[in-house]
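# Geometric and topological summary
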Amino acid sequence: MSVSILLSYIFLGLTLAAPIGPVNSARLDQGIRNGFWHAWIVGAGSMIADAIFMLLVYVGMVHFLEVPIVKIFLWLFGGFILIYSGIEGMLRANVITLDYKRKQDTLCKSFLTGFIMSITSPLSILFWLGIYGSILAKTAEDNGTGELLIYSSMIFLGLTLWDVFVAALTTGFRNWLNDRSLQAISLLSGISLVGFGIYFGYEGVRALLS
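Calculation rules
Every chain begins its residue count from 1, and numbering advances along the sequence as written. Only residues with pLDDT of at least 70 are given local features in this predicted model, and only at 80 or more are side-chain atom pairs given and counted; all residues enter the totals for whole chains, interfaces and linings. Side-chain metrics rest on all non-hydrogen atoms present in the structure, leaving aside hydrogens and water. Each helix corresponds to a stretch of at least 4 residues labelled H or I by DSSP, and each strand to a stretch of at least 2 residues labelled E; elements are numbered beginning at the N terminus. Should any heavy atoms of two residues lie within 4.5 Å, those residues are counted as being in contact. Here, Shrake-Rupley sampling with a 1.4 Å probe gives the accessible areas, and only protein chains in the shown set may cover a residue. Side-chain atoms within 4.5 Å link the members of a nonpolar core, which is a set of buried Ala, Val, Leu, Ile, Met, Phe, Trp, Tyr and Cys residues. Exposed residues in this analysis have more than 50% of their type's maximum accessible area, buried residues have under 20%, and partly exposed residues fall in between, with area computed by a 1.4 Å probe over protein chains only. What counts as a salt bridge is simple: a side-chain nitrogen of Lys or Arg found within 4 Å of a carboxyl oxygen of Asp or Glu. Residues form patches when they are more than 30% accessible in relative terms and have no salt bridge. Like charges link within 9 Å. Nonpolar side chains (Val, Leu, Ile, Met, Phe, Trp, Tyr) link within 5 Å. Here the expected length of a helix is defined as 1.5 Å per residue gap, with one fewer gap than residues. Arc definition: directions from the helix axis to the C-beta atoms. In this scheme Phe, Tyr and Trp rings, the latter by its six-membered ring, pair at centre separations within 6.5 Å, and the angle between planes marks the pair as stacked below 30 degrees, edge-to-face above 60, and tilted otherwise.

It is worth spelling out the overall build of the chain at this point. From N to C terminus, the chain includes eight helices and zero strands. The secondary structure elements of the chain, listed N-terminal to C-terminal, are α-α-α-α-α-α-α-α. When contacts within the chain are restricted to residue pairs at least 6 apart in sequence, long-range pairs at least 24 apart make up 88% of them. Of the roughly 10,500 Å² that the chain leaves accessible, carbon and sulfur atoms contribute 72%.

The structure is reproduced here in structure tokens:
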């Protein structure tokens, strides 16, 4: 098992977590107004929802990953979702704003905000089915099914590192963090998502034509 491969899965987790959508907006808002723990707990709620989706996809897909047509579908579908998410994030980067006006929420409410935002999102299950399903398919082909859990853990570690990073960023750099810096983060994460999407799409097309 290569360290560089493990790091690439951690980076993928960071990339998946970075787009400035509703959950990250809530993280940033809570962190700037209320500090580290409020920002972190929003992300923790979201990650619990993500873990549920990942588990459902893992349990449902792991037995079918040796079927060529399943792998082709997951690569192509995952590539489409990644490219779509990346382009949408870049297009929406110029409308990101921060809200400093609302009163402080409890930690419990902040946790539920992150969890409900993620678990009830109509695109979340499609997002994880496409992207995580593609990752499982690619990993199974390259390394077999025995190491799927390890690589999945690296993705989740990337999600966790992003949550801690955002919470620390909003606490330590409140004066630096502004609409322009959020737009830059959104653009960079969007470019990364598109890059991964092109890669998965290429793998799907190559498998389809082979």
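Among the nonpolar cores identified, the biggest contains 35 residues, and Leu16, Trp128, Ile131, Tyr132, Ile135, Ile155 and Leu159 are the most heavily contacted of them. If you list the elements that add at least two residues to this core, you get helix 1 (3-17), helix 3 (36-61), helix 4 (68-91), helix 6 (122-143), helix 7 (148-172) and helix 8 (179-209). Looking at this core element by element, the count peaks at eight residues for helix 6. With residues up to four places along the chain from it excluded, the contact list for Ile135 reads Tyr9, Leu12, Ile155 and Phe200.

What follows concerns the pattern of salt bridges. In total, this model carries one salt bridge according to the counting rule given. Arg206 is paired through a salt bridge with Glu203; the nearest N and O atoms lie 3.0 Å apart. With a gap of three residues between them, Arg206 and Glu203 both fall in helix 8, about one helical turn apart. Residue classification places Glu203 among the buried positions, given a relative accessible area of 5%.

Another point: a nonpolar patch on the surface. Nonpolar side chains collect at one region of the surface, where Leu76, Val205, Leu208 and Leu209 lie side by side and expose about 380 Å² of accessible area between them. Leu76 sits in the partly exposed class, given a relative accessible area of 34%.

Our focus in this paragraph is helix 5 (residues 107-119). If you check helix 5, its first and last C-alpha atoms are 18 Å apart, about what 13 residues at 1.5 Å a residue would give, namely 18 Å. Residues of helix 5 that are buried: Ser110, Gly114 and Ser118. Projected down its long axis, helix 5 shows its buried positions confined to an angular sector of 60°, all on one face.

Before going further, it helps to examine the environment of Lys71. With respect to the helices and strands, the residue Lys71 is situated in helix 4. Residue class for Lys71 comes out buried when judged on its relative accessible area of 12%. On a C-alpha basis, the gap between Lys71 and Ala137 in space is 5.3 Å, while along the polypeptide they are 66 residues apart.

Attention shifts here to the packing of aromatic side chains. In this structure the tally under the stated criterion is six aromatic pairs. An angle of 40° between the planes, with centres 5.3 Å apart, marks the rings of Trp162 and Phe165 as tilted. Of the two residues, Trp162 and Phe165 are both situated in helix 7; the distance of three residues between them amounts to about one turn of the helix. On the basis of relative accessible area, Phe165 is assigned to the partly exposed category, the value being 41%. Taken together, Phe36, Trp37 and Trp40 form an aromatic cluster joined through their ring pairs.

Okay, helix 1 next. Spanning 15 residues, helix 1 covers 21 Å between terminal C-alpha atoms, matching the ideal 21 Å at 1.5 Å per step. Restricting attention to buried positions, one finds in helix 1 the residues Leu6, Tyr9, Ile10, Leu12, Gly13, Thr15, Leu16 and Ala17.

Take Gly130: it is sitting in helix 6. In this structure Gly130 comes out as buried when scored by relative accessible area, which is 0%. Sequence spacing of Gly130 and Gly78 is 52 residues, and the spatial spacing of their C-alpha atoms is 3.8 Å. Those residues in contact with Gly130 that sit more than four places away from it in its chain are Leu74, Phe77 and Gly78.

Mapped onto the secondary structure, Trp37 falls in helix 3. With a relative accessible area of 57%, Trp37 lands in the exposed category. Taking the C-alpha atoms as reference, Trp37 lies 9.2 Å from Ala168; in sequence the two are 131 residues apart.

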